[in-house]
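Here are the chains, one letter per residue:
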Amino acid sequence: MTQPGIDWEDAYRQETPPPWSIGAPQPELARLIEQGKVHGEVLDSGCGHAALSLALAEQGFTVVGLDASPTAIAAAAATAAERGLTAASFAQADMTAFTGYDGRFNTVLDSGLLHALPIDRRQAYIQAIHRASAPDARLYILAFATRPFGEDAPGPNGFTADELRDTVATRWTVDEVRPAKLYGNDGPAGGPASAPGVERDGAGHITMSGFLLTAHKGG
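Described below are features of the structure shown in this document. Since this is a predicted model, take the numbers as computed values, not measurements. (Residues numbered from 1 in each chain as written. Predicted model: local features only at pLDDT ≥ 70, side-chain atom pairs only at ≥ 80, totals over all residues. Heavy atoms only, no water.)

### Points about the overall build of the protein
Next, step 1: The helix and strand tally for the protein stands at six helices and eight strands.
Next, step 2: Mapped from its N terminus to its C terminus, the protein presents α and β elements in the order α-α-β-α-β-α-β-β-α-β-α-β-β-β.
Next, step 3: Among the 219 residues that make up the protein, the fraction classed as buried is 50%.
Next, step 4: Taking all contacts inside the protein whose residues are at least 6 apart in sequence as the whole, residues at least 24 apart take part in 71%.
Next, step 5: A total of about 9700 Å² of accessible surface is found on the protein, and carbon and sulfur atoms cover 48% of it. (Helix = DSSP H or I, 4+ residues; strand = E, 2+ residues; numbered from the N terminus. Buried < 20%, exposed > 50% of the residue type's maximum accessible area, 1.4 Å probe, protein only. Contact = heavy atoms within 4.5 Å. Areas by Shrake-Rupley, 256 points an atom, 1.4 Å probe, with all protein chains shown as cover.)

### A closer look at the environment of Leu117
Next, step 1: Within the secondary structure, Leu117 sits in the loop between β4 (105-111) and α5 (122-131).
Next, step 2: Separated by 21 residues in the primary sequence, Leu117 and Thr96 have C-alpha atoms spaced 8.7 Å apart.

### Notes on the layout of surface pockets
Next, step 1: Approximately 500 Å³ is the volume attributed to the largest pocket.
Next, step 2: Tyr12, Gly46, Cys47, Gly48 and Asp67 are, among the 31 residues lining the largest pocket, the residues nearest its centre.
Next, step 3: When residues of the lining of the largest pocket are traced back to their parent elements, those giving at least two are α1 (8-13) and α3 (51-58).
Next, step 4: By residue class, the composition of the lining of the largest pocket is 18 nonpolar, nine polar and four charged. (1 Å grid on protein atoms, 1.4 Å probe; cavity = no way out; pocket = protein on both sides within 12 Å on 5 of 7 lines; lining within 4 Å. Points joined across faces, edges and corners; volume = space filled by probe spheres on them. Nonpolar A, V, L, I, M, F, W, Y, C, P; charged D, E, K, R; others polar.)

### Side note on helix α2 (residues 27-34)
Next, step 1: Within the sequence span of α2, burial applies to Glu28, Leu29, Leu32 and Ile33. The buried residues of α2 occupy one face: seen down the axis, they fall within an arc of 145 degrees.
Next, step 2: Of the surrounding secondary structure, the elements contacted by the buried residues of α2 are α3, β4, β5 (133-144), β6 (173-185) and β8 (205-216).
Next, step 3: Where α2 terminates, the next one or two residues include Gly36, which has phi positive at roughly 75 degrees. (Arc of directions from axis to C-beta.)

### Regarding the side chain of Arg122
Next, step 1: Mapped onto the elements of the fold, Arg122 is located in helix α5.
Next, step 2: With no salt bridge to any partner, buried Arg122 finds its closest opposite charge in Glu163, at an N-O distance of 6.9 Å.
Next, step 3: Dropping the residues within four chain positions of it, Arg122 is found in contact with Leu114, His115, Leu117, Phe159 and Thr167. (Lys, Arg positive; Asp, Glu negative; His and termini not counted. Salt bridge = Lys/Arg side-chain N within 4 Å of Asp/Glu carboxyl O.)

### Some remarks on the packing of aromatic side chains
Next, step 1: One pass over the full model with this rule turns up two aromatic pairs.
Next, step 2: Consider the rings of Phe98 and Tyr101, whose centres lie 6.2 Å apart with planes at 65 degrees: the pair is edge-to-face. Neither Phe98 nor Tyr101 differs from the other in exposure class; each is buried.
Next, step 3: Taken together, Phe98, Tyr101 and Phe105 form an aromatic cluster joined through their ring pairs. (Phe/Tyr/Trp six-rings, centres within 6.5 Å; stacked < 30°, edge-to-face > 60°.)

### Here's the deal with the side chain of Ser133
Next, step 1: You can see Ser133 is positioned in strand β5.
Next, step 2: Sequence-distant contacts of Ser133, defined by excluding residues within four places in its chain, comprise Gly103, Arg104, Phe105, Val108, Trp172 and Lys217.

### A short note on the pattern of salt bridges
Next, step 1: For the structure on display, the rule yields five salt bridges.
Next, step 2: Glu58 serves as the salt-bridge partner of Arg83, at 3.3 Å between the closest nitrogen and oxygen. Pair noted here: Arg83 is in helix α4 (residues 70-83) and Glu58 is in helix α3, with a separation of 25 residues, a long-range link.
Next, step 3: Look at the salt bridges and you will find they share partners, linking Glu28, Arg31 and Arg178 into a network.

### Things to note about the pairing of strand β3 (residues 88-92)
Residues in a regular strand point their side chains to alternate faces of the sheet.
Next, step 1: Across five bridges, strand β2 (residues 63-67) lies against β3 in parallel orientation. By the bridge assignment, Leu66 is partnered in β3 with Ala91.
Next, step 2: Traced from β2 through α4 to β3, the parallel crossover comes out right-handed. (Pairing = 2+ DSSP bridges. Right-handed = clockwise from strand over helix to strand, strands pointing away.)

### Quick look at the nonpolar core
Next, step 1: Phe98, Leu114, Ile129, Leu139, Leu164, Val168 and Leu213 are the most contacted members of the largest nonpolar core, which has 30 residues in total.
Next, step 2: Every element with two or more residues in this core is listed here: β2, β4, α5, β5, α6 (161-168), β6 and β8.
Next, step 3: Counting residues per element, this core draws most heavily on α5, at four residues.
Next, step 4: Those residues in contact with Ile129 that lie beyond four places of it in its chain are Leu43, Ser45, Phe98, Val108, Leu139 and Trp172.
Next, step 5: Listed in part, the 29 residues of the second largest apolar core include Ile33, Leu52, Ala180 and Ile206. (Core = buried A, V, L, I, M, F, W, Y, C linked by side-chain atoms within 4.5 Å.)

Here it is in structure tokens:
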């Protein structure tokens, strides 16, 4: 969950986790798992430290986590090995151009990647995850709403509901776009987390407005 153009390796090499790495799946996606909406083999798209992948593997899902950062992938693989989670595997990949998984995944989960991509690479990403998905696969994308930290603060541009729908609908059949919350680690004074209107959950996290998109791939 950050602005386009970020140095992903630098973000994951810091002593403290990046703001989006909250140590657990985003609550909106955790609820999807609880509700039985995740099926078959899963792609954790832009997995980062892979809290989502690890949680899925603990519940018996076979999951592949892909991310642009080799540092994040190494950390995720090490944690999976420590926990004995052999159903989770990880690989470094350019998420706008990855190949080698054609028709494989039954569920694709995007926990804040799409809004962080450069605008001119978003369609390549939508095509890449479509190519990697099996017929009738389900897609869930959690993304920021427009300017979550305010007009003058750094951060992703985000989407209106219609913009998010239109971006994904070029390749997928969109079933729903609904308001949702994204969680991040609370930051230092003066940073984006200090922007007016940013809410806190009382557990060390900020919460920001966004959308959860649900879509499927036609046969």
